[in-house]
Amino acid sequence: MINPIVKTIEMADGRTITIETGKLAKQADGSVMVRMGDTMLLATVCSAQDATPGTDFMPLQVEYKEKFAAIGRFPGGFTKREGRAGDSEILICRLVDRVLRPLFPDDYHADTIVNVMLFSADGIDMPDALAGLAASAAIAVSDIPFNGPISECRVARLDGKWIINPTFQQHDGGR
């Protein structure tokens, strides 16, 4: 019987963020599904048991992928596959990496891979800020030593007011 653990975060504007673990990706060291509205991200983390001899740095790899199917598009014709990561995906990987890397212990040198995949996008909520929360939560539920968790947010100024995690409509209208 699958008994997932679900935690909910209420935001000031009435939206909720749900973090669920224990249901998907059970072979990973840690995995969570983060949901805001109909935007859903799956984050998994896997780490080696021991460090490679001679390694004196943190070999951390962060991957973020937005699948075309997440927004209801299926590539056809010449480009039938997802292809390489886009510029925005690479920037999101770097944002998540730069926040997570210093939170591992200085003596932890095992190969670690964090994979965040956008499963579903509703076109309302921006998924990039949720990627950092998902990655951090996946590490937090694993047995990997970590001085977290953390969260990331996008901040926008609209009509002189600061908005946390704006929707696509608020973000585009505030230019």
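Residues numbered from 1 in each chain as written. Predicted model: local features only at pLDDT ≥ 70, side-chain atom pairs only at ≥ 80, totals over all residues. Heavy atoms only, no water.

(A) Structural detail: the overall build of the protein. When its secondary structure is counted, the protein shows three helices and eight strands. Listing every helix and strand of the protein by position from the N terminus yields β-β-β-β-β-α-β-α-β-β-α. A sequence separation of at least 24 residues applies to 63% of the contacts in the protein between residues at least 6 apart. Surface accessibility of the protein: about 10,600 Å² in total, with carbon and sulfur atoms responsible for 54%. (Helix = DSSP H or I, 4+ residues; strand = E, 2+ residues; numbered from the N terminus. Contact = heavy atoms within 4.5 Å. Areas by Shrake-Rupley, 256 points an atom, 1.4 Å probe, with all protein chains shown as cover.)

(B) Up close: the environment of Met 40. Note on placement: Met 40 falls in strand β4 (residues 39-47). Distance from Met 40 to Ala 134, taken between C-alpha atoms, is 9.9 Å for residues 94 residues apart in sequence. Every residue in contact with Met 40, bar those within four places of it in the chain, is listed here: Met 33, Val 34, Arg 35, Met 117, Leu 118, Phe 119 and Ser 120.

(C) Structural context of the environment of Glu 152. With respect to the helices and strands, the residue Glu 152 is situated in the loop between α2 (128-140) and β7 (155-158). Using a relative accessible area of 17% as the deciding quantity, one classes Glu 152 as buried. In sequence terms Glu 152 and Ala 129 are 23 residues apart; their C-alpha atoms lie 5.3 Å from each other. (Buried < 20%, exposed > 50% of the residue type's maximum accessible area, 1.4 Å probe, protein only.)

(D) A look at empty space enclosed by the protein. Inspection of every chain in the model, using the stated rule, returns one cavity of 30 Å³ or more. Forming the boundary of the largest cavity are Arg 15, Met 36, Asp 125, Met 126, Asp 128, Ala 129, Arg 154, Asn 165 and Pro 166. Considering only residue class, the lining of the largest cavity consists of four nonpolar, one polar and four charged. (1 Å grid on protein atoms, 1.4 Å probe; cavity = no way out; pocket = protein on both sides within 12 Å on 5 of 7 lines; lining within 4 Å. Points joined across faces, edges and corners; volume = space filled by probe spheres on them. Nonpolar A, V, L, I, M, F, W, Y, C, P; charged D, E, K, R; others polar.)

(E) Spotlight on the packing of helix α1 (residues 87-100) against α2. Closest axis-to-axis distance for the α1/α2 pair is 10 Å, and the angle between their directions is 40 degrees. With respect to α2, the axis of α1 lies oblique. In terms of crossing hand, the pair formed by α1 and α2 is right-handed. When α1 is examined against α2, the residues Ile 92, Val 96 and Leu 100 are found in contact with a partner set consisting of Asp 128, Ala 131, Gly 132, Ala 135, Ser 136 and Ile 139. When grouped by side-chain class, the residues that make up the contact of α1 with α2 number six nonpolar, two polar and one charged. (Axes fitted to C-alpha atoms, helices over the stretch in contact; angles between N-to-C directions. Parallel < 35°, antiparallel > 145°, perpendicular 65-115°, else oblique. Left-handed = near helix turned anticlockwise from the far one by under 90°.)

(F) Local environment of the side chain of Glu 152. Arg 154 is the oppositely charged side chain nearest to the buried, salt-bridge-free Glu 152, at an N-O distance of 9.2 Å. Leaving out residues up to four positions away in the same chain, Glu 152 has contacts with Leu 95, Val 96, Val 99, Asp 128, Ala 129, Gly 132, Leu 133 and Asn 165. (Lys, Arg positive; Asp, Glu negative; His and termini not counted. Salt bridge = Lys/Arg side-chain N within 4 Å of Asp/Glu carboxyl O.)

(G) Structural context of α2. The end-to-end C-alpha distance of α2 is 19 Å, a good match for the 18 Å that 13 residues give at a rise of 1.5 Å each. In terms of burial, α2 is largely enclosed, as twelve of its 13 residues are buried. Taken residue by residue, α2 has Asp 128, Ala 129, Leu 130, Ala 131, Gly 132, Leu 133, Ala 134, Ala 135, Ser 136, Ala 137, Ala 138 and Ile 139 as its buried positions. (Expected span 1.5 Å × (residues − 1).)

(H) Fine view of α1. With 14 residues, α1 should reach 20 Å at 1.5 Å per residue; the first-to-last C-alpha distance of 20 Å fits that figure. Looking at the packing, one finds that the buried side of α1 touches β5 (60-66) and α2.

(I) Region of interest: the side chain of His 109. Residue position: His 109 is located in the loop between α1 and β6 (112-120). Residue His 109 is classed as buried on the basis of its relative accessible area of 19%. Apart from residues lying up to four places away in sequence, His 109 is in contact with Ala 51, Thr 52, Thr 55, Asp 56, Phe 57, Met 58 and Pro 59.

(J) Focus on the sheet that holds strand β1 (residues 5-10). What the six strands build is an open sheet, ordered β1-β2-β3-β4-β6-β5; its pairing is mixed. Of all strands in the sheet, those bounded by a partner on one side alone are β1 and β5. Strand-to-strand twist across the sheet, computed as the mean angle between neighbouring axes with direction ignored, equals 15 degrees. In this structure, β1 lies alongside strand β2 (residues 16-21), joined through six bridges in antiparallel fashion. Counted as the bridge partner of Thr 8 is Thr 18 from β2. (Pairing = 2+ DSSP bridges.)

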